[in-house]
Structure formats: C-alpha cells, structure tokens
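So you can see what is in the structure, the chains are spelled out below.
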Amino acid sequence: MSIRPLTTEDHASYNKVVTHPLQSYEWGKFRERTGIKVIRRGIFKNNQLVSGFQLTIHKIPRTSFTIGYLPKGELPDKVLIEELKKIGKENNCIFIQLEPDVIQSINGSSMENGKCPDDSFHSGSRSNREKMENKDLKPAAHPLFTKYNFVLDLTKSEEELLKNMHAKARYNIKVALKHDVKVTEDNSDKAFKAYLQLTEETTKRQSFYAHSRTYHKTQWETLKHPQMENGNWKLENQLTSHLFTATYEKKILTTLLFFVFHDTLYYPYGASSNEHRNVMHSNLAMWEGIKFGKKLGLKKFDMWGALGPNPDPKDPWYGFHNFKEKYGPDNVEYIGSYDLVINPILYQAYKVADKLRWMMLKLKK
C-alpha cells in the first residue's frame, strides 16, 4: 500500500473510489475557488488506486494555526490515521475533524457495515463508534455535519413512493397540481438569482446561519450542469448541480438545489417564499425532484440531514425535518463526528474559545 498526492489526471479514477459529493474532485475544486486549501490523496495497491480522501485546511483567524476537515470519507484505518497526522503537522493543524460516511443504524436497527482495509479494526464485537474512539480520535468538540439523515429508496415505483408518503404530503401535491403550480429544472441566471433571494428570505424567517452569496455563487458556477434535454443523461463519475423552481402566477416561489453523484440524488439546499403557501409549491417541487432522480435511474435520494428519533417540535430545524419525513424516507444514523487531535494543549484552548464564540453569536442574534 502506498499514498501519494493526486493530480487532475486522476480526476475520473479518484471519483470512482469516493462515495459522497463532499469527497468528489469537483467539490474540492469549488473549495479551492473559495480560497480554502484542499489536500487530496490516493491510496494505491500495486499501482492501482483503491481508495482516496480529500480534506480542507481552514485558517484560524489572527493565528498561524489551522483546522483540518475530512467529511464523508471511509471508516479510517491505521494507514489513514497516520497519513492525517502527518498532514496535520505539516499544515500546523490543531486537530482534524472526521465525519465518516458510515451508517450506524437505520430506523433504529444497528448496522455495522463500514469499509476498512485494516482487518484488525473490525476485531471483536465493538461498534464502529467504539472503534473510532480507539484510533486516537475523540468525539468532536463541534460537529459540523448532521448525525442523522433521511434516505429514500428510488428503486421503488412512483405508486409505491406515493403510497409510503404521509397522507398530508400526497394531499399537498394534489393541491399544487390543482392550482397549476409549474415545477421545472431551470439552471438559468434568473432562476439562480431567485434562489439567492429566497435563501436569504428563508434564513431570516427561520433564524439560522447560512453560507454567503459568494459561497453559493461560486458553488453554482463550479458545479452546475446545462439543462437536461431530450430525456435521460448521466455524467459518469462527476458531481453535478441542478436547480429546480416552482412557479405560481409567473413568480418563482420555491427553489430546490439537487446534486447528482454516482447512483444518488442529494438535496443540500432549498428555499421558499411565504407567499401563496396555500398552493403547496414546496411539496410539488420536492416530488418532482424525486421523479427527476428516478428518471436518471438513481437508486437513492439523500436528503442531506435530519433530526433523530422523536425530535423536539421546538427545535429550530424541526420544520425541515418534518417536511422531509412526510416523503417516507428511512431515518439513518451515522457513527458521528470525531476529532483527530494533533496539538493536545491548543485543542483544549480551542474548545473553550469555540464555546465562548458561539455563546456570543447567540447573544448577538
């Protein structure tokens, strides 16, 4: 086994061995365009690329230190951990946060299916979560990605999907159709402008933090794909972004942004207007997105996050959770977020400073 940096020539082969948009080559190019350092490595066996990973390096303001972030990679083994320690020291990281794309349970049922070439890592009957903490990793001080997610099986027929939905979702779709709400994939500048406006409106209404206009604009310019024409298309081993709009009385009221990568449709961002909520424009937009995934022959619809079982209705994210849940997906729990500590002393100081920072942000808000 050997590890080496990857080049643009490795683009296609690298994308073949990673499983999530945040690990894709295209996502790394987008992050580079935002000024973030991206490190991409390939793990080779007999000169054959068998796995890979991508992490970003984030500067801590007013210091010479950094934080590394490796989202949605494989279950780490000894080889990966040692390489990350090396990268961390070279880049003056206090720690590197890992959030593996490894499922712990589905609808509450345990599922130990993490990929890892190190057989010793799977010894005994300990859970993947326990094994993670035995790899110089600590539960993350500040997790970034959600621990839970909704995933819908797109191999089912439209009839099955509708049957498995909450009755309210089916009813709302019918209401939108009755009011002649129009949902289309629209990757035009006009549609993207509406997306930005609705995103700002939604974040203000829901009182949560969101990425800047520049972040969204750079992402769109990097990942968007030309309009789909004349039926099916699918770009192998490439991450693409698609904007869907729901229009009523000639006004865009909902925008949903979807990613396509390998056999999965993803729903990372969505925004809607408070206007004409009675015509249920958001519900129809979501259903048309699901049909879009089926049309491409995709197998899964990853809804990019959820609350856990028995969520609190007072939780600020409850509305998003409730909206997604009505489409009948599975509730998936991942093994969680972990910090690989490079500098133990500064790590303790960072945890205190981070808590104070978030306290100040909440007070300011």
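Everything here concerns the structure above.
Rules and cut-offs
Residues numbered from 1 in each chain as written. Predicted model: local features only at pLDDT ≥ 70, side-chain atom pairs only at ≥ 80, totals over all residues. Heavy atoms only, no water. Helix = DSSP H or I, 4+ residues; strand = E, 2+ residues; numbered from the N terminus. Rg over C-alpha atoms; globule rule 2.2 N^0.38 Å. Buried < 20%, exposed > 50% of the residue type's maximum accessible area, 1.4 Å probe, protein only. Contact = heavy atoms within 4.5 Å. Areas by Shrake-Rupley, 256 points an atom, 1.4 Å probe, with all protein chains shown as cover. Lys, Arg positive; Asp, Glu negative; His and termini not counted. Charge placed at Lys NZ, Arg CZ, Asp CG, Glu CD. Pairing = 2+ DSSP bridges. Axes fitted to C-alpha atoms, helices over the stretch in contact; angles between N-to-C directions. Patch = residues over 30% accessible without salt bridge, like charges linked within 9 Å, V, L, I, M, F, W, Y side chains within 5 Å. Salt bridge = Lys/Arg side-chain N within 4 Å of Asp/Glu carboxyl O. Right-handed = clockwise from strand over helix to strand, strands pointing away.

## So, the overall build of the protein chain
If you tally the helices and strands in the protein chain, you get 11 helices and 16 strands. Computed over the C-alpha atoms, the radius of gyration of the protein chain is 21 Å, within 12% of the 21 Å expected from 2.2 N^0.38 for a compact globule of 365 residues. The principal-axis extents of the C-alpha atoms in the protein chain amount to approximately 60 × 50 × 40 Å. A total of 365 residues make up the protein chain; the buried ones form 50% of that total. Restricting the contact set of the protein chain to residue pairs at least 6 apart, pairs at least 24 apart contribute 72%. Per element, the accessible surface of the protein chain, about 18,700 Å² overall, is 51% carbon and sulfur. Positive and negative side-chain charges of the protein chain, numbering 55 and 42 respectively, have mean locations separated by a distance of 4 Å.

## Observations concerning the sheet that holds strand β14 (residues 300-302)
Spatially, β7-β6-β15-β9-β14-β13-β12-β11-β10 is the arrangement adopted by the nine strands of the open sheet, whose pairing is mixed. Only two strands of the sheet have a single partner each, and these edge strands are β7 (109-110) and β10 (182-185). Across three bridges, strand β9 (residues 148-153) lies against β14 in antiparallel orientation. Paired with Leu 152 across the bridge in β14 is Phe 301.

## Structural notes on the sheet that holds strand β1 (residues 2-5)
Strand order in this open sheet of seven strands is β1-β2-β3-β4-β5-β16-β8, and the pairing throughout is mixed. At either end of the open sheet lies a strand with only one pairing partner, and these are β1 and β8 (137-139). Going across the sheet, the axis of each strand differs from the next one's by a mean of 30°, ignoring polarity. Bridge count between strand β5 (residues 93-99) and strand β16 (residues 338-341): four bridges; the pairing is antiparallel. Its bridge partner lying in β16, Ile 96 is registered against Leu 340. Packed onto the sheet, helix α3 (residues 78-90) meets β1, β2 (37-45), β3 (48-59), β4 (66-71), β5, β8 and β16 and runs at close to 35° relative to β3.

## A short note on a nonpolar patch on the surface
Where nonpolar side chains cluster on the molecular surface, the patch consists of Val 352, Leu 356 and Met 359 and spans about 300 Å² of accessible area. Within the secondary structure, Val 352 sits in helix α11 (residues 344-364).

## With respect to the pairing of β4
Buried residues dominate β4, accounting for six of its six residues. Judged by which residues are buried, β4 turns out to be covered on both faces: Thr 66, Gly 68 and Leu 70 on one side and Ile 67, Tyr 69 and Pro 71 on the other are all buried. Note: β3 against β4, four bridges, orientation antiparallel. What sits directly across from His 58, in β4, is Ile 67. What sits between the antiparallel neighbours β3 and β4 is a turn of six residues, in which Arg 62 has the positive phi angle 65°. Examined bridge by bridge, β4 and β5 share six bridges and lie parallel to one another. Across the sheet, Tyr 69 pairs through a bridge with Gln 97, a residue of β5. The β-α-β motif built from β4, the intervening α3 and the parallel element β5 has right-handed crossover chirality.

## Overview of helix α2 (residues 25-33)
Those residues of α2 that fall on the buried side of the exposure criterion are Tyr 25, Glu 26, Trp 27, Gly 28, Phe 30 and Arg 31. Each element contacted by the buried residues of α2 is listed here: α1 (11-17), β2, β3, α8 (213-223), β12 (251-261) and β13 (264-272). Gly 35 lies just past α2 and shows a positive phi near 95°.

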